[in-house]
Every structure is written in C-alpha cells, then in structure tokens.
Amino acid sequence: MRSSWSNKLSLIFGPRPPLNWLLLCLVSVLALIAVLGSSSSNTFESLTPISVPDIYTNYRRLKEQAAVDYLELRSLSLGASRQRELGLCGRERENYVPCYNVSANLFAGFKDGEEFDRQCEVSRNRERCLVRPPKDYKIPLRWPAGRDVIWSGNVKITKDQFLSSGSMTKRLMLLEENQIAFHSEDGLIFDGVKDYSLQIAKMLGLSDDSQFLQAGVQTVLDIGCGFGSFGAHLVSLNVMAICIAAYEATGSQVQLTLERGLPAMIGNFITRQLPYPALSFEMVHCAQCGIVWDKKDWTLLLEVDRVLKPGGYFVLTSSTSQPYGSSLSMKNSMLTPMEEMTPKICWTLKAQQYETFIWQKTVDSDCYTSRKQGAIPLCNEGHDVRSYYKPLASCISGTTNKRWTPIRNRSSSPHQLNSAELEIHGVQPDDFFEDLQIWRSALRNYWSLLTPLIFSDHPKRPGDEDPLPPFNMIRNVMDMSAHYGGLNAAFLEERKSVWVMNVVPVSALYTLPLILDLGFAGVLHDWCEPFPTYPRTYDLLHANGLLSHLSSERCSMMDLFLEMDRILRPEGWVVLCDKVGAIEMARMFATQIRWEARVIDLQNGSDQRLLVCQKPFVKK
C-alpha cells in the first residue's frame, strides 16, 4: 500500500520517478541544509559583541547618523572583524627602533661609523607585530607636570645606569621611587639652564634671553641635547628647539626628551646629511655633544654650515678639566683648529666666555667668492634640492639659494611670513591664507570632537582614575602630511599647549623650507620607511590625504599602520582625513591593530571622511 507522498509522486511522474530527478532533489536538499546552516551561523554571529564604530555628523559629539548608514558601516565592521588581529611583539622589542640595528648593520657589511647610521634596507623584512609597552609603563603625567616628572618605567634606563652616570646628569635628574624629576634650574651648564641661556644672550649682545626672537632666533637645532632641559627652557621663551641625538640602545637622550613632551628625533652626525634643507635654523647648539668637528675633513662642520641661515650662530660649549672660568685647555685643544677653519667658510668668532664659543655665519654671500685660492669649494646649484640622508659633502652649500636672507632682516613677525617671503617659496599669498583659514575651522572641529573623549573616555586604563578637566592629555602632535603647516599655525592661534612635528613626505610638494622659515619643527620623511624615533613618543597623529597619496607608492599600508602604532603612545589618538575608499581601507587596518575607530561624515557635499581612532592600553 503506497503512502500519500508516493501517490502524489505517481500522479506527477508515473509509477517510477526518473533517477536524474531524484538526484536533483537530493542535491537541492543538501544545498538547502547548507544555506540554513550558514544563515543560522550568521544569526549567532550577529549576537556576538562586535566593535562597531560610532558615527557623527558635522563633528557633533555622540550623534548617530541614519539607520541605513549605521547598517552599512556595521556590515563593513563585520567584514573587518574577520581580518586576523596582529599579535604582540616579544618583550625584547619594547623599545625597538627600526633601521638602527648595529649588529645587523655590521653583518650587512657597514663599517667606519656607518653601522651606527640609519640603514633601513637592512630591516625591510621585519616581523609584523605590535610593539607592546614595558611592564611598568604608565600614562604620562598631564601637562605641564609631565615636562618635569616622568615615570622611570616608561623609558629604557635602569637605576644602576642612572647612578653610574656623570655628576652633570645627577644634578639634572632626581630618581624618586618610580619617577625621574628634571630640575631645570639645577646645573645643565655651570650655574643652571637659565643662567646659561642668559650667558648666551649677553654674548650675542642682548640684554636677556627673552630677546632671542627679536634677534631673529626662532628655531634652534640642539645637537646631543642631554635630556632636553635647555630646549625646555627655550620653548618657554617661544623659541622652537629641536633636539637631535644619535640612536642609543639604553638611556636615550631622544627618548627621555620626547617622554617629557619636548621636540626631539634621532639624528646622526656620522656619514649622512640631516633631513633638513639648507638654511633651516638660526642657531645650532652643541654643549658637550662629543663630536670631533675636524674629523672627516671638516664635513661635520660643513653640515652645520649647510643648515645655518645667513647671520645664524653656532654655539659650542665643552667642559674641561680646568677650574671654573678657565678656557686654557679648550683654547689649546679645540679653538686653534677652529680659528684656522672658520674663516674658510666665512664664519667669525663673535664671542667667547669661559668654555662657550659663538661663531656667526656671514650675511654676505660675496664673501665666498672673495676667499683665497684653495678655499673649500662651493657646491653645485642642484645640491640643495631635497636633502634626504644624502652623503655628507665637502663643499659649501646654500650660497645661491633664493632664501638667502639674514636672520635680522626678516620683516614679518614670528611664525608669520609676508607676501614677499611667501613668493620666495613659490606660494601665492591667497592660497596660503586660504589654507590657514581651513585649518582654523578644522582644528576647532577636531578639538570639539576629541574633548569629551580625551577628558572623560578612558575605560581601558588599568588601575588609574580618569583625568579631570581641564588638564590636557595631548602634548605633542605629528602632522604626517603637513603641507604649509596650517594645523601647526592654528594650534598657535588657539593657544593650545602642544607642539607639532610637521612631516613633509618626500614625494609631496616640497614645503619644508617654508615650514622651517615659519619657525615650526619640521622634517622630510619617506613614509615607506620607519620614522626615526622611539616607540610611544607621540600623543596624536594627524594625516590629511596621505593614504590616497601613498596608494600609488611602493609602500605597504599595513607597515605604515604598524609604524603609526609603534610611535603612538597607549591611549593616543589618530585623526585621518581622506576619501571614502581610503578611509574604509584605513578602518580595516585599524581593526587589525586593535584600534578603536569612529567614522565621521563631514556632510559638506564632498567624498571626504574622517577616521578618528584611539590606541588601547594593551598589557599582557
């Protein structure tokens, strides 16, 4: 007796259904089961907590967009969440700085000092992982307390290394339990930083150091800066002092200076030029920096001459074994060769007091053509173009540069350029001031957006209470594609207590000379390579259009984001402005390196979006 189901089949296909039809039914059933299983899996997956970015409009805080945009971004988040999160690096890489591996450089064949130089090609194929903070790392103290007191666990210097350091360093620092305190009034040089700065000012013919700006000194390159106390004092006078020092595996000057929230970067006077254009600084300062200037046929001193502006000053202070106030040993060991060399590069000894000597670079470019035969030659005209770690040169550069303007002849105020000065840089005044107006508005929006998050949104800090307003958690900003330095200028106008490292990409419009002439900190850099700094040294990273710009380069975007994570401190912030496609890609990378990401629609009719990210405090 047939069942009702068999009867129905018989009515349709006859007494015996075709075999191929039965096979088709079987395949259909299996496919249906697979679809239902997949749907069920997705249903349960949707119940799992997933980090979904918050969406804002017109930079308004915590205001969600329409549901359709929310669902669109949720689907993007689901796709990004399936990307594998990167693991943490080992403890041995807590203070890892790519391109400065001395043993690897030696193995690669570098010698004669080049093994201590920046060699990025040696570390190209490095492991992709997230550099973790040290075990005892703590969020830096809020500004300005964090300038004078840092957590010893945040930097790679042990108590034994501190106690074995020289007496000069002991006067600078006081180790109290887990803190290092910097007392700027106590002994950088002789009677203290303030007295030393006053001494330099009077040697320049000024009544006091508050007149540095009036004398045309607004940017200082501080070589071998110790732990930044002289630079900290200059910053209090509104003079931008940039510390550069060689890479050190332990107790780094650059790492401690940046931990204090002061401008610094790794820079070597060994075999290559610094990544600054000719005529960049009004003063170059070297206090016990350990450089033997007459080595390598004076090419190190010629590099100082290259970056000095006309009428700029080279300040050299060197301690001796002689009693305080004696300069006999200094004169015998160093001054005599310098006395012979400096006229050959058109420098004059302006002043000498105790163990401090100040030379001034000529303001007259005709001086170089009137020198005696056999003098150091002048460089070719094309030598000044984009100095990016070129080999040191044994010639004098910048003499035919259109920016050859004596520092005391500037007609504009500090941090400003007049129309004639802008035209020297090939920039139309209308374009420059329009760019500045854009960044004035953008900064107000950024600050409005970040304020509630910076001041009240710290759920990930283990064991610490949230900061109370009005303390500012941001001390320094890196603008990764600075253009004219408009963001830096907007910070100054708003009187925000931060400084900005303006980075000009090597493949972008070459605006670094303009940025340095404004008196800002700036550097040329190839973002296909790591930045010359230690981990956890910046509080906020900003980039406008950089991702789209680099999309046609040889750069790996994942390597770029890993580098951003390395130099960003825990709980630090990233603000990226770019086209929709670039921002969606960036959010995917941000998810992989564990950042929290929020997408913001500017609602101005353009295809631009903001991606605001925060790096979590990960400790394992």
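Here goes a summary of the coordinates provided.

Definitions and cut-offs
Residues numbered from 1 in each chain as written. Predicted model: local features only at pLDDT ≥ 70, side-chain atom pairs only at ≥ 80, totals over all residues. Heavy atoms only, no water. Pairing = 2+ DSSP bridges. Helix = DSSP H or I, 4+ residues; strand = E, 2+ residues; numbered from the N terminus. Axes fitted to C-alpha atoms, helices over the stretch in contact; angles between N-to-C directions. Contact = heavy atoms within 4.5 Å. Core = buried A, V, L, I, M, F, W, Y, C linked by side-chain atoms within 4.5 Å. Buried < 20%, exposed > 50% of the residue type's maximum accessible area, 1.4 Å probe, protein only. Phe/Tyr/Trp six-rings, centres within 6.5 Å; stacked < 30°, edge-to-face > 60°. Disulfide = S-S within 2.5 Å. 1 Å grid on protein atoms, 1.4 Å probe; cavity = no way out; pocket = protein on both sides within 12 Å on 5 of 7 lines; lining within 4 Å. Points joined across faces, edges and corners; volume = space filled by probe spheres on them. Nonpolar A, V, L, I, M, F, W, Y, C, P; charged D, E, K, R; others polar. Parallel < 35°, antiparallel > 145°, perpendicular 65-115°, else oblique. Left-handed = near helix turned anticlockwise from the far one by under 90°.

Turning next to the sheet that holds strand β5 (residues 219–223). Pairing is mixed in the open sheet, where seven strands are placed in the order β7-β6-β5-β8-β9-β11-β10. Only two strands of the sheet have a single partner each, and these edge strands are β7 (264–266) and β10 (347–353). Averaged over all neighbouring strand pairs, the angle between strand axes comes to 20°, with direction disregarded. In this sheet, strand β9 (residues 308–317) lies alongside strand β8 (residues 281–287) in parallel orientation, the contact comprising six bridges. Counted as the bridge partner of phenylalanine 281 is leucine 308 from β9. Packing against the sheet, helix α11 (residues 299–307) makes contact with β5, β8, β9, β10 and β11 (356–361), and its axis sits at approximately 135° to β9.

When a protein is soluble and globular, its nonpolar side chains tend to lie buried together. By size, the foremost hydrophobic cluster in this structure holds 89 residues, and its most contacted members are Trp293, Phe314 and Leu576. It is helix α18 (residues 557–567) that contributes the most residues to this core, seven residues altogether. In contact with tryptophan 293, not counting residues within four places along its chain, are Ile223, Phe269, Cys286, Trp298, Leu300, Leu301, Val304, Phe314 and Leu316. Within the second largest apolar cluster, 23 residues are counted, among which are Met203, Leu206, Leu234 and Ala351.

Its identity is not glycine, yet tyrosine 354 carries a phi of approximately 55°, on the positive side. Inspection of the secondary structure puts tyrosine 354 in the loop between β10 and β11. In this structure, arginine 386 takes a positive phi of about 45° despite not being glycine. If you trace the backbone, arginine 386 turns up in the loop between β11 and α13 (419–424).

What follows deals with the packing of aromatic side chains. Under the counting rule described, the total for this entry stands at 18 aromatic pairs. With centroids separated by 5.2 Å and ring planes inclined at 90°, the aromatic side chains of tyrosine 276 and phenylalanine 281 adopt a geometry described as edge-to-face. With a relative accessible area of 1%, tyrosine 276 lands in the buried category. Owing to a relative accessible area of 0%, phenylalanine 281 belongs among the buried residues under this scheme. Ring geometry for phenylalanine 357 versus tryptophan 359: centroids 6.0 Å apart, planes at 20°, classification stacked. The pair formed by phenylalanine 357 and tryptophan 359 is uniform in burial state, with each residue classed as buried.

With that settled, the discussion passes to the state of the cysteines. The final tally for this structure, using the stated rule, is seven disulfides. Paired through a disulfide, cysteine 89 and cysteine 129 show a sulfur-sulfur distance of 2.0 Å. Because the torsion about its S-S bond is 100°, the bridge between cysteine 89 and cysteine 129 counts as right-handed. Here cysteine 89 is found in the loop between α3 (67–81) and α4 (102–107), whereas its partner cysteine 129 is found in the loop between α4 and α5 (145–148), with 40 residues between them in sequence. Residue cysteine 89 is classed as buried on the basis of its relative accessible area, which comes to 1%. The class of cysteine 129 is buried, set by a relative accessible area of 8%. The disulfide that involves cysteine 379 links it to cysteine 395, with 2.0 Å between the sulfurs.

On to the layout of surface pockets. Here the largest pocket is characterised by a volume of approximately 630 Å³. Lining of the largest pocket is provided by 25 residues; of these, Val235, Asn238, Leu492, Lys496 and Val498 occupy positions nearest its centre. Within the residue set of the lining of the largest pocket, elements represented by two or more residues are α9 (229–236), α15 (486–493) and β13 (499–505). Residue contributions to the lining of the largest pocket peak at four residues, all from α15. Of the residues belonging to the lining of the largest pocket, the class tally is 13 nonpolar, seven polar and five charged.

Attention now moves to the packing of α18 against helix α19 (residues 580–592). Packed helix pairs are specified by the crossing angle of their axes together with the interaxial distance, meaning the distance between the axes. The contact between α18 and α19 brings their axes to 10 Å, and the two run at 55°. Of the possible angle classes, the one that applies to α18 and α19 is oblique. Our pair here, α18 against α19, has a crossing hand that is right-handed. Taking contact as the criterion, the partners of Met557, Met558 and Phe561 in α18 are, on α19, Met585, Ala586, Phe589, Ala590 and Gln592. When grouped by side-chain class, the residues that make up the contact of α18 with α19 number seven nonpolar, one polar and no charged.

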